[in-house]
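# Structural description and commentary
Now for the letters of each chain:
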Amino acid sequence: MRIRFWGAAGEVTGSCYEVECGERRFLVDCGVHQGADEDERNRESFPFPVEGLDAVFLTHAHMDHSGRIPYLVRKGFAGPVWTTPATARLVEILWNDSVRLMKEEAEWRTRKAVRRGLPPVVPLYDEKDVDKALELLRPTDWDTETTAADGVTFSLHDAGHILGSSSIAFNLNEGGRATRLVFSGDLGQQFPAVDRAPSAIREADYVLIESTYGDRLHKDDQATREEFRQVILAALRDRGKVLIPSFVVDRAQRILFELSLMQVEGLLPEVPIFLDSPMGVRATDLYRAYGDTLSGEVRRYAASGVDLFSPKGFKSVSSPEDSQKLNDIPFCIILAGSGMCTGGRIVHHLKHGAWNPKNHIVFVGYQAYGTLGRRIVDGETELRIAGEDVVVKARVHTIGGFSAHGDRDDLLAWAGHYTTNPLFFVTHGEPKASQALSAALRERGMRGIVPALGQEFSIEPGASAATMEAEAKPAAAARTPQAEIPGVLDDIERLLERLRRDEGALADSEESRRLLLSARTSLESALRGKTAP
């Protein structure tokens with residue numbers, strides 16, 4: 001039995017883990033990369049053979065965990081995708097929205113390419129791929145033991161992160177040797193406002209635990225709520241716009257919840273509040289539909305007839321034309337995706353509003369390195385936004401406590417429920433955060449190691465952390481040369497596309513010309529089955 005770390009190791013996006021048990025191979029999550037070079041990384045070939053992959057297990061709907069599943073289908077995957085009913089409903093919304101955005105971007109880039117005599121740009125995947133992927137979904141309820149294949153059973157448990165999110169516990173059996181392997185997924189806080197607390201799991205041999213906030217603590221919920229309220233009220237006194245970049249699944253609903261509570265308590269008058277995201281509107285409807293899975297506070301208000309996801313003055317915005325009309329409204333609150341400002345309508349609002357010192361930009365979620373959101377949070381004032389140079393003069397606020405991720409103490413509390421002294425693989429965090437959580441686990445008498453991207457580990461029962469680290473090897477070493485060829489050819493094709501885009505600059509470089517001629521010779525030699533000198 002082996003596990004390979006293909007994503008979210010040393011970073012917080014691109015979650016993808018491959019597990020091998022006997023003749024069975026499956027993935028847990030298959031997400032997109034977000035941040036610097038995201039398009040290039042997402043177009044890379046999978047580092048494992050898609051052929052023969054038995055299944056995918058999906059912890060939750062966020063695109064950095066689910067977003068490459070349609071691409072996996074495009075490359076030939078046809079097995080089941082196991083997840084919860086709510087997650088199955090959410091990915092239908094997210095994947096279809098992703099297809100629309102990729103299609104629009106490909107059309108825009110193609111227009112530019114054609115003018116330069118370059119080939120058209122093809123989206124990562126299309127509507128047909130999404131439809132095929134949706135047909136593969138196998139919704140499964142929480143806390144239900146399910147057989148996926150011979151030697152592989154699993155159960156899903158509430159992770160408290162977003163609607164439908166799960167930790168996944170596997171019971172693996174290979175040749176009479178049994179291993180219990182748990183994936184935390186993204187874990188919520190121990191005392192959440194909208195979702196429920198993560199379920200406790202008590203037995204495992206190995207646990208993959210996320211570490212997004214493994215090196216820090218959130219403000220407590222009441223302090224976060226008070227900070228948010230003061231920022232909103234101060235911003236409204238300036239009579240400008242309040243721009244809130246939001247993940248439209250969970251974070252947007254949390255902000256609507258907080259604004260509603262302010263009105264219930266008489267703190268916030270009726271002001272124009274816009275959720276500028278068709279996807280966010282549909283996701284909010286799902287939160288209502290699955291209200292029985294949410295926190296006690298949400299259920300109590302719902303039982304009394306109060307919809308905490310619809311504050312007074314609230315309007316949803318669907319069409320691009322209506323979104324553009326918000327430019328003419330000087331005083332309002334706008335929630336829009338994407339949460340890290342890597343795309344979506346918030347980019348349009350930042351282009352038109354970040355220059356105005358009367359406006360306020362309120363970040364309510366994590367901003368990954370390399371994203372536009374992170375650059376604004378880090379204090380950059382001269383930015384290129386949607387093709388225009390913009391000087392950021394709006395006031396910038398960061399509210400960290402609303403995170404749907406647990407902080408260090410939340411993660412340690414969840415880890416502390418185990419009674420079997422499992423070995424923790426600390427993943428899904430920037431290096432500093434993962435190392436800090438691993439150290440904190442060891443300080444409390446638990447065992448933790450931080451795997452690197454591409455590493456492979458044996459997960460036989462009873463192995464020590466020292467043995468695991470000593471025997472770990474790059475996962476690529478387990479791939480056969482024959483399995484590597486399709487990926488190498490895909491990489492060459494991708495590099496050729498980039499070279500054609502930069503053809504003008506290459507023509508002026510003698511060094512580039514020599515390298516290209518040498519590459520051509522190598523490829524010709526490969527075609528003849530010879531080794532180039």
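Residues numbered from 1 in each chain as written. Predicted model: local features only at pLDDT ≥ 70, side-chain atom pairs only at ≥ 80, totals over all residues. Heavy atoms only, no water.

Take the overall build of the protein next. The helix and strand inventory of the protein stands at 18 helices and 23 strands. Within the protein, contacts between residues at least 6 apart in sequence are counted, and of these 74% link residues at least 24 apart. (Helix = DSSP H or I, 4+ residues; strand = E, 2+ residues; numbered from the N terminus. Contact = heavy atoms within 4.5 Å.)

Our next topic: the packing of aromatic side chains. For the structure on display, the rule yields 20 aromatic pairs. Between Phe5 and Phe425, the aromatic rings sit 5.4 Å apart at their centres with planes inclined by 55 degrees, giving tilted as the arrangement. With Phe5 in strand 1 (residues 2-7) and Phe425 in strand 20 (residues 423-427), this residue pair connects regions lying 420 residues apart in the sequence. Judged by centre distance (6.0 Å) and plane angle (75 degrees), the ring pair of Tyr287 and Phe309 falls under edge-to-face. (Phe/Tyr/Trp six-rings, centres within 6.5 Å; stacked < 30°, edge-to-face > 60°.)

With 5 of its 6 residues buried, strand 1 lies for the most part within the structure. Two elements, strand 1 and strand 2 (residues 16-21), share 5 bridges in a ladder whose sense is antiparallel. Each residue of the ladder has a partner; that of Arg2, found in strand 2, is Glu20. (Buried < 20%, exposed > 50% of the residue type's maximum accessible area, 1.4 Å probe, protein only. Pairing = 2+ DSSP bridges.)

Further remarks concern empty space enclosed by the protein. Under the defined criterion, the tally for this structure stands at 4 cavities of 30 Å³ or more. Per-class residue counts for the lining of the largest cavity are 5 nonpolar, 5 polar and 4 charged. If you go around the second largest cavity, you meet 15 residues; those closest to its centre are Tyr17, His65, Ser184, Gly185 and Thr427. Counting only elements with at least two residues in the lining of the second largest cavity, the list comes to strand 3 (24-30) and strand 11 (206-210). Take the lining of the second largest cavity: its biggest share by element is 3 residues, from strand 11. Of the residues assigned to the lining of the second largest cavity, the class counts are 5 nonpolar, 7 polar and 3 charged. (1 Å grid on protein atoms, 1.4 Å probe; cavity = no way out; pocket = protein on both sides within 12 Å on 5 of 7 lines; lining within 4 Å. Points joined across faces, edges and corners; volume = space filled by probe spheres on them. Nonpolar A, V, L, I, M, F, W, Y, C, P; charged D, E, K, R; others polar.)

Attention shifts here to helix 7 (residues 251-264). Taking 1.5 Å of rise per residue, 14 residues should cover 20 Å, and helix 7 covers 20 Å from first to last C-alpha, within 8% of that figure. For helix 7, a buried count of 13 out of 14 residues is recorded, marking the element as mostly surrounded by other parts of the structure. Positive phi appears at Gly266, one or two residues downstream of helix 7, with a value of about 75 degrees. (Expected span 1.5 Å × (residues − 1).)

Before going further, it helps to examine the sheet that holds strand 9 (residues 166-174). Reading across the sheet, the 7 strands line up as 7-8-9-10-11-20-21 and stay open at both edges, with mixed pairing between neighbours. The outermost strands of the open sheet, each flanked by one partner alone, are strand 7 (146-149) and strand 21 (447-449). For this sheet, the mean angle separating the axes of adjacent strands, direction not counted, is 25 degrees. Note that strand 11 and strand 20 share 5 bridges and pair parallel. Opposite Ile209, over in strand 20, you have Val426 as the bridge partner. Sheet strands touched by helix 13 (residues 408-415): strand 9, strand 10 (177-183), strand 11 and strand 20. Its angle to strand 11, the strand with the most contacts, is close to 165 degrees. (Axes fitted to C-alpha atoms, helices over the stretch in contact; angles between N-to-C directions.)

Taking strand neighbours across the sheet as the criterion, the 6 strands line up as 14-13-15-12-16-19 in an open arrangement whose pairing is parallel. One side of each edge strand has no neighbouring strand; the edge strands of this open sheet are strand 14 (314-317) and strand 19 (395-398). Adjacent strand axes in the sheet meet at a mean angle of 20 degrees, parallel and antiparallel pairs treated alike. Here strand 13 (residues 273-276) runs beside strand 14; their pairing, made up of 4 bridges, is parallel.

With that out of the way, let us pick up a nonpolar patch on the surface. Among the surface-exposed residues, Leu496, Leu499 and Leu516 lie close enough to one another that they form a single nonpolar patch of about 210 Å² accessible area. In this fold, Leu516 is placed in helix 18 (residues 510-527). (Patch = residues over 30% accessible without salt bridge, like charges linked within 9 Å, V, L, I, M, F, W, Y side chains within 5 Å. Areas by Shrake-Rupley, 256 points an atom, 1.4 Å probe, with all protein chains shown as cover. Salt bridge = Lys/Arg side-chain N within 4 Å of Asp/Glu carboxyl O.)

Let us now look at the nonpolar core. Phe48, Leu72 and Phe77 are the most contacted members of the largest nonpolar core, which totals 52 residues. For this core, the secondary structure elements donating two or more residues are strand 3, helix 3 (69-74), helix 4 (85-115), helix 5 (127-135), helix 7 and helix 8 (278-289). Per element, the largest residue contribution to this core is 9 residues, and it comes from helix 4. Listed in part, the 30 residues of the second largest apolar core include Ile168, Tyr206, Leu423 and Phe457. (Core = buried A, V, L, I, M, F, W, Y, C linked by side-chain atoms within 4.5 Å.)

Here we come to the environment of Glu380. Its place among the elements puts Glu380 in the loop between helix 12 (372-377) and strand 17 (382-385). What makes Glu380 partly exposed here is its relative accessible area of 33%. In sequence terms Glu380 and Val392 are 12 residues apart; their C-alpha atoms lie 7.7 Å from each other. Beyond its immediate stretch of four places on either side in the chain, Glu380 contacts Arg375 and Val392. Polar side-chain contacts of Glu380 include one of 3.0 Å to the side chain of Arg375. (Polar contact = N/O pair within 3.5 Å; in protein donor to acceptor, adjacent residues only side chain to side chain.)

Okay, a positive patch on the surface next. A surface patch of like charges, here positive, comprises Arg111, Lys112, Arg115 and Arg116. Locating Arg116 in the fold gives a position in the loop between helix 4 and helix 5. Looking at Arg116, the relative accessible area reads 54%, which means it is exposed. (Lys, Arg positive; Asp, Glu negative; His and termini not counted. Charge placed at Lys NZ, Arg CZ, Asp CG, Glu CD.)

This part takes up the side chain of Thr293. In this fold, Thr293 is placed in the loop between helix 8 and helix 9 (296-303). For Thr293, a relative accessible area of 18% puts it in the buried group. Within the structure, the side chain of Thr293 is placed 2.8 Å from the backbone oxygen of Tyr290, a separation counted as a polar contact. Dropping the residues within four chain positions of it, Thr293 is found in contact with Trp142, Leu163 and Arg196.

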